[in-house]
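Breakdown of the fold
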Amino acid sequence: MLGGITASLGDRNTHKTLTETFTVLSMPPTDEGSKRERVERSFAQVPDSDLLQLAERFLQTQDVGAATRNQLQDALWAEASPPEIPMRTRREIARALDPTVLVQHPARFMKMLDRFWVINDDPFSELLSPGQGRSLRSRIERHFIRNPDWSTEELFEALGAFEASDGRFARFIEAAVAGDVLLDESAQRLMAEMINEHLRTTGSELRSHFNR
């Protein structure tokens, strides 16, 4: 996966900036050949034991699209052995969450979704019809925020949350009830407990940091 992702470095850099990028990513320097050849030779010299660190540095320093970001994140998070959350439990959690509480602060909510999902999936239609396009972002804003006729379960379905990796789903529900999305502490506690009612059946739970 990283071989294909790092190959794009040759397209996005001059020879000079490519040398600088190798340094930022801690990839072995190469000087001869085309930019693509330099990238391929550099990547071939990265030890297998350093691939996870390379993926982390790529996420931290390179401008990647949401789909590529998700690929790298899923690979990294899988290494952490995330808790298994079955689809049935995911649907029970979705059905338990009150949409009106989740979107008390729409801009914060949408920013959180951007961190985990590919919601700008049709940018061309957004240019033609801002706010009325076919992108997932526009559909969420229309159906879940402005004129809500989607349930939370329908939102999760549209996001792909039911099929997502365990690491992504766990981080997503944790972020959805975090203090930077839900500013009211009582709302945070309420939503966390709603999630935990179902999450505990899998041997996991969200832990409160309010008293720390």
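Remember, predicted model here, so these are calculated numbers, not experimental data.

Across its full length, the protein holds 14 helices and zero strands. For the protein, the α and β elements follow one another from N to C terminus as α-α-α-α-α-α-α-α-α-α-α-α-α-α. Considered along the principal axes of its C-alpha atoms, the protein spans approximately 60 × 45 × 30 Å. Across the 212 residues that make up the protein, the buried fraction comes to 41%. For the protein, the separation between the mean place of its 26 positive charges and that of its 33 negative charges on side chains is 3 Å.

Bringing the pattern of salt bridges into the picture now. In total, this model carries 13 salt bridges according to the counting rule given. Across the salt bridge formed by Glu-153 and Arg-91, the nearest N and O atoms sit 2.8 Å from each other. With Glu-153 in helix 12 (residues 152-159) and Arg-91 in helix 7 (residues 87-96), this pair connects stretches of sequence that are 62 residues apart. The salt bridge partner of Arg-115 is Asp-180, with a shortest N-O separation of 3.9 Å. You can see Arg-115 sitting in helix 9 (residues 106-116) and its partner Asp-180 sitting in the loop between helix 13 (166-176) and helix 14 (185-199), a full 65 residues away along the chain.

The next point concerns the nonpolar core. If you look at the biggest cluster of nonpolar residues, it comprises 40 residues, and the most contacted ones within it are Phe-109, Leu-113, Ile-140 and Phe-172. Residue assignment for this core shows that the elements contributing at least two residues are helix 7, helix 8 (99-102), helix 9, helix 11 (136-146), helix 12, helix 13 and helix 14. The element contributing the most residues to this core is helix 13, with six residues. Sequence-distant contacts of Phe-109, that is, excluding residues within four places in its chain, are made with Leu-102, Val-103, Phe-144, Ile-145, Leu-155 and Val-181.

As a further point, take the confidence of the model for the protein. Chain-level statistics for the protein give a pLDDT mean of 92 and a share of 93% at 70 or above. Confidence scores differ between elements of the protein, with helix 10 (residues 123-128) showing the lowest mean pLDDT of 61 and helix 12 the highest of 98.

Looking now at helix 5 (residues 51-61). Among all positions in helix 5, only Leu-54, Ala-55 and Phe-58 are buried. All buried residues of helix 5 lie within an arc of 100° about the axis, which places them on one face of the element. Here the buried face of helix 5 lies against helix 1 (2-7), helix 2 (9-12), helix 3 (15-25), helix 4 (35-44) and helix 6 (66-78).

Moving on to the packing of aromatic side chains. Two descriptors summarise a pair of aromatic rings, namely the distance from one centre to the other and the angle between the planes of the rings. With the rule as written, the count across this model stands at seven aromatic pairs. Ring centres of Phe-109 and Phe-144 lie 5.9 Å apart, and the angle between their planes is 25°; on these two criteria the pair is classed as stacked. Residue Phe-109 is located in helix 9, and its partner Phe-144 is located in helix 11; the two are separated by 35 residues in the primary sequence. The exposure classification of Phe-109 matches that of Phe-144, with both residues buried. Among the aromatic side chains, those forming a connected cluster through ring pairs are Phe-116, Trp-117, Phe-156, Phe-162, Phe-169 and Phe-172. Over the ring of Phe-162 we find Arg-91, and its NZ or CZ is 4.0 Å from the ring centre.

For Leu-206, the position within the fold is in the segment after helix 14. Between the C-alpha atoms of Leu-206 and Ala-192, which are 14 residues apart in sequence, the distance is 6.5 Å. Not counting chain neighbours up to four residues away, the residues in contact with Leu-206 comprise Ile-173, Glu-174, Val-177, Ala-192, Ile-195, Asn-196 and Leu-199.

Here Arg-137 is to be found in helix 11. Arg-137 gets classed as buried once you look at its relative accessible area, which sits at 19%. Leaving out residues up to four positions away in the same chain, Arg-137 has contacts with Met-110, Asp-114, Ile-119 and Asn-120.

How each quantity is defined
Residues numbered from 1 in each chain as written. Predicted model: local features only at pLDDT ≥ 70, side-chain atom pairs only at ≥ 80, totals over all residues. Heavy atoms only, no water. Helix = DSSP H or I, 4+ residues; strand = E, 2+ residues; numbered from the N terminus. Buried < 20%, exposed > 50% of the residue type's maximum accessible area, 1.4 Å probe, protein only. Lys, Arg positive; Asp, Glu negative; His and termini not counted. Charge placed at Lys NZ, Arg CZ, Asp CG, Glu CD. Salt bridge = Lys/Arg side-chain N within 4 Å of Asp/Glu carboxyl O. Core = buried A, V, L, I, M, F, W, Y, C linked by side-chain atoms within 4.5 Å. Contact = heavy atoms within 4.5 Å. pLDDT = per-residue confidence, 0-100. Arc of directions from axis to C-beta. Phe/Tyr/Trp six-rings, centres within 6.5 Å; stacked < 30°, edge-to-face > 60°. Lys NZ or Arg CZ within 6 Å of the ring centre and 35° of its normal.

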